[in-house]
Amino acid sequence: MAGTKIDGKIIAQTVKDRVKKSTSELKKEGINPCLATVLVGNNAASATYVRNKHKACEEVGIITKDHKLDENTTQQQLSSIIDELNTDATVHGILVQLPLPKHLSEFATTSRISPLKDVDGLTPHNAGLLGMGKAALVACTPSGVMEMFDYHNIELEGKNIVLINRSNLVGKPLYHLLLEKNATVITCHSRTKDIEKFCQAADIIITAVGDRTKFILTPEMIKEKSIVIDVAISRFQDKLVGDCDYEKIIEKASFATPVPGGVGPMTVAMLLKNTITAASLGTQIGRQ
Ligand code: GUN
């Protein structure tokens, strides 16, 4: 029997409904939650992601400020925009869309954001707190994946979980979140020898490679009734695809996420949730 689809659109809607309620409560207290986005350059996919984030904010009553910067923006110019947003009391969350053009440093850029407005959870402060199990603002894709487990009451304690990604945005935060739930977590990456062996032993596989020419997770690689979370999204043979073919993998897995319509909508929903958290954090330090 085929497994159960983990439907990101449905789960994201439950998060958005909660966010909408919190937004209207904050507005009653005179706080107008606001997310500022910064997009540098002409990456078409990034422009689409930012547009979708704005649309989602609108749906739940979060105000947005849109900064579109030229491809040739210098590090200094970008830093001074972040400084302005850091001190702008009407802005609660700041998101600099990644990747940045090659001449800009992602570390210098994300580190510049005030930890209280860091809705991506990428500042050293928030990433460090996450490693200690104390972060209020956590990277959106990882917390979206955790929300999916929660929605389906999937127990993580004692499970063998394999991550196929080691990025600051996905693999590293997920490692800490899963460890906090008492899972046994193994991180695989491009230099891992015999990934298949790790996958076959895993109760849960979370894969985020995003390049079909380098990696495909096939049903032969997974254990019967395991759980597969496909975080990847890329264009391949004119289609949007993940690291596995959902229709094939779901025949063997007990749960799996489709692409599109899986983790993607969760990332956006958790950004909205983080913006509300940041707006509430602002009130705790006396900033409206
Ligand atoms: N690019 C791809 N995913 C993300 C994300 O979650 N946040 C930011 N800022 N950029 C991204």
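Residues numbered from 1 in each chain as written. Predicted model: local features only at pLDDT ≥ 70, side-chain atom pairs only at ≥ 80, totals over all residues. Heavy atoms only, no water.

- The name an unreviewed UniProt entry assigns to the chain is Bifunctional protein FolD, from the organism Candidatus Nitrosomarinus catalinensis.
- The annotation that UniProt attaches to the chain under Function (unreviewed entry) is "Catalyzes the oxidation of 5,10-methylenetetrahydrofolate to 5,10-methenyltetrahydrofolate and then the hydrolysis of 5,10-methenyltetrahydrofolate to 10-formyltetrahydrofolate."
- Recorded in UniProt for the chain, the comment headed Sequence similarities (unreviewed entry) runs: "Belongs to the tetrahydrofolate dehydrogenase/cyclohydrolase family." (UniProt positions renumbered as here; feature names shortened; annotations may be inferred.)

## Describing the pattern of salt bridges
Here comes step 1: Under the defined criterion, the tally for this structure stands at 9 salt bridges.
Here comes step 2: For Lys16, the salt bridge goes to Glu59, with nearest N and O atoms at 3.3 Å. You can see Lys16 sitting in helix α1 (residues 8-28) and its partner Glu59 sitting in helix α2 (residues 44-60), a full 43 residues away along the chain.
Here comes step 3: Residue classification places Glu59 among the partly exposed residues on the basis of a relative accessible area of 42%.
Here comes step 4: Residues Asp203 and Lys223 are paired through a salt bridge, measuring 2.7 Å at the closest nitrogen-oxygen approach. Here Asp203, found in the loop between α8 (195-200) and β7 (204-207), pairs with Lys223, found in the loop between β7 and β8 (227-230); they are 20 residues apart in sequence, far enough to count as distant.
Here comes step 5: In this structure Lys223 comes out as partly exposed when scored by relative accessible area, which is 31%.
Here comes step 6: One network of salt bridges, in which partners are shared, links Arg212, Asp245 and Lys248. (Salt bridge = Lys/Arg side-chain N within 4 Å of Asp/Glu carboxyl O. Helix = DSSP H or I, 4+ residues; strand = E, 2+ residues; numbered from the N terminus. Buried < 20%, exposed > 50% of the residue type's maximum accessible area, 1.4 Å probe, protein only.)

## Some words on the packing of aromatic side chains
Here comes step 1: Using the criterion set out here, one finds 0 aromatic pairs in the structure.
Here comes step 2: The ring of Phe198 has Lys197 lying over it, and the distance from NZ or CZ to the ring centre is 5.1 Å. (Phe/Tyr/Trp six-rings, centres within 6.5 Å; stacked < 30°, edge-to-face > 60°. Lys NZ or Arg CZ within 6 Å of the ring centre and 35° of its normal.)

## Regarding the sheet that holds strand β3 (residues 63-69)
Here comes step 1: A sheet is described by the order of its strands in space; here 3 strands give the open sequence β3-β2-β4, paired in parallel fashion. Each of the sheet's edge strands pairs with one partner strand only, and the pair in question is β3 and β4 (93-96). In this sheet, neighbouring strand axes are inclined to one another by 15° on average, regardless of whether the strands run parallel or antiparallel.
Here comes step 2: Where strand β2 (residues 34-40) meets β4, 4 bridges bridge the pair, whose relative direction is parallel. Within β4, the residue paired with Val38 across the bridge is Val96.
Here comes step 3: Helix-sheet contacts for α2 involve β2, β3 and β4, and the interaxial angle to β2 is about 170°. (Pairing = 2+ DSSP bridges. Axes fitted to C-alpha atoms, helices over the stretch in contact; angles between N-to-C directions. Contact = heavy atoms within 4.5 Å.)

## Focus on the UniProt feature "domain: Tetrahydrofolate dehydrogenase/cyclohydrolase NAD(P)-binding" (unreviewed entry) in the chain
Here comes step 1: In the numbering adopted here, UniProt assigns the feature "domain: Tetrahydrofolate dehydrogenase/cyclohydrolase NAD(P)-binding" (unreviewed entry) to residues 139-280.
Here comes step 2: The distance separating the terminal C-alpha atoms of residues 139-280 is 17 Å; by composition the span is 35% helix and 18% strand.

## Quick look at the side chain of Thr109
Here comes step 1: Mapped onto the elements of the fold, Thr109 is located in helix α4 (residues 106-112).
Here comes step 2: The exposure class of Thr109 is buried, given its relative accessible area of 1%.
Here comes step 3: A distance of 2.6 Å separates a polar atom in the side chain of Thr109 from the backbone oxygen of Ser105. (Polar contact = N/O pair within 3.5 Å; in protein donor to acceptor, adjacent residues only side chain to side chain.)

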